[in-house]
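Residue-level structure breakdown
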Amino acid sequence: MALADKLKADHILPADHHQAALVGRVWSEEQGGPCVVTLRNALVFDLTAIAATMSGLLERDDLFRILERDDLPCLGGLDEFLDGTSGRLLAPVDLQALKAAGVTFAESMLERVIEEQARGDAARAQEIRGRLAPVIGENLRDIKAGSAKAAQVKTLLQDMGLWSQYLEVGIGPDAEIFTKSQPMSAVGCGERVGIHSMSHWNNPEPEVVLVLRADGSIVGASLGNDVNLRDVEGRSALLLGKAKDNNASCALGPFIRLFDDTFAFDDLDKVVVSLSVEGEDGFTMTGESPMQAISRSPFDLVGQMRNRSHQYPDGAVLFLGTMFAPTKDRHGVGQGFTHETGDRVEISAPSLGCLVNSVDYSDACPEWSFGTVALFRNLFSRGLGEKV
């Protein structure tokens, strides 16, 4: 919670939060555990007596009627959770599977190819970037993944000796869908995100995150940081788990915005995800990832994740990928970007709010100890077992 005393409700909430249907989770000192909540005028209202888990709440057919009830207990103002007075924000999901799609934007696709060619060596990346960009950058623009044109480009690049496994999942028929982290392991807004101490080339990945019910229907969206170790994944794609899934390496929040008349699934096309990194060394970096530039439709990605061969009975979230692969030099010409501990990372979109975290090593972040069993024990001890 290193950032808690610096955060305010008006900074992290959507610009139109007064009309947005927002749900999330907090740790309430008053209630002695996690609470499922909704937001009204920056006040936190407790839903836990109705649905003790976010997974259960999102399955309810009367979800919007629940949010409109006038008898919901108020836990206090959001600012009181941001400054630690009443508790703290948690990631807005609990039992859901944490899944992610990779290489869904052409620009990040190029960077993944560079990672592979550089074998995790940031110093070689600049030279490889200059060699590949004129060929791959022009040929992959506006290509629909899995199309006949994509197959032609694949043949061309194979003939040039430039084909890559990242291009295979970027423009081929099958998307890259992987498990980002385990249920209950994501950190929320205001908490630290973790990078493995072995990594010397890593970056944030600002992304829109879809929220799904058990039947695969998409009910809302949030923001996420799919923290990545570029040197580790660059050494071998088989190290994806080590590059992606470490203590505190998955951040979600600040809240889930449910799709309704004010913000629908089709509005995702207009979302531009902004990234800001501020280091204690004075380094700053900004960037944007417009959803309009995604190479695969979110519906296609959801269909490849959840289908007759893959089910998620507690629901799931799906990180949609990012086009932002930072290349701004931090420690010298050609060295590119990498995190330093203490970096402040802000991922924002006007319609979804702002997810703020600070960076630390994974083994210095609070150890993940509150898992599914701990959640159920806590809820039963509070007399909420039947509301799960």
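Report follows, based on the coordinates. (Residues numbered from 1 in each chain as written. Predicted model: local features only at pLDDT ≥ 70, side-chain atom pairs only at ≥ 80, totals over all residues. Heavy atoms only, no water.)

**Topic: the pattern of salt bridges**
One pass over the structure, following the stated rule, counts 14 salt bridges. Close ionic contact of Asp281 with Arg330 constitutes a salt bridge, the shortest N to O distance being 3.0 Å. Of this pair, Asp281 sits in the loop between β14 (272-278) and β15 (284-290) while Arg330 sits in the loop between β16 (316-319) and β17 (344-349), and the two are 49 residues apart along the sequence. Within the structure, one salt-bridge network assembled from shared partners comprises Lys180, Glu205, Asp226 and Lys244. (Salt bridge = Lys/Arg side-chain N within 4 Å of Asp/Glu carboxyl O. Helix = DSSP H or I, 4+ residues; strand = E, 2+ residues; numbered from the N terminus.)

**Focus on the environment of Ala264**
Looking at the secondary structure, you find Ala264 in the loop between β13 (250-258) and β14. In this structure Ala264 comes out as partly exposed when scored by relative accessible area, which is 30%. A sequence separation of 210 residues divides Ala264 from Met54, and the C-alpha atoms of the two residues are 20 Å apart. (Buried < 20%, exposed > 50% of the residue type's maximum accessible area, 1.4 Å probe, protein only.)

**Here's the deal with the environment of Gly24**
Residue position: Gly24 is located in strand β1 (residues 22-28). As a C-alpha pair, Gly24 and Val273 span 249 residues in sequence and 20 Å in three-dimensional space. Apart from residues no more than four positions distant in its own chain, Gly24 is found in contact with Cys35, Val36, Val37, Met54, Pro92 and Phe255. (Contact = heavy atoms within 4.5 Å.)

**Considering the layout of surface pockets**
Counted as a void, the largest pocket has a volume near 510 Å³. The wall of the largest pocket is formed by 24 residues, among which Arg88, Ala186, Val187, Glu191 and Trp368 lie closest to the centre. Elements with a minimum of two residues in the lining of the largest pocket: β1 and β5 (87-90). Within the lining of the largest pocket, the residues separate by chemical class into 14 nonpolar, four polar and six charged. (1 Å grid on protein atoms, 1.4 Å probe; cavity = no way out; pocket = protein on both sides within 12 Å on 5 of 7 lines; lining within 4 Å. Points joined across faces, edges and corners; volume = space filled by probe spheres on them. Nonpolar A, V, L, I, M, F, W, Y, C, P; charged D, E, K, R; others polar.)

**Notes on the sheet that holds β15**
Strand pairing in a sheet relies on backbone hydrogen bonds, with the paired strands running either antiparallel or parallel. Spatial ordering of the open sheet is given by β8-β18-β17-β14-β15, a layout of five strands whose pairing is mixed. The open sheet terminates on both sides in strands that have one partner only, identified here as β8 (192-195) and β15. Averaged over all adjacent pairs, the angle separating strand axes in this sheet is 25°, with direction ignored. Direction of pairing for β8 relative to strand β18 (residues 353-361): parallel, over a ladder of four bridges. Within β18, the residue paired with Gly194 across the bridge is Asp360. (Pairing = 2+ DSSP bridges. Axes fitted to C-alpha atoms, helices over the stretch in contact; angles between N-to-C directions.)

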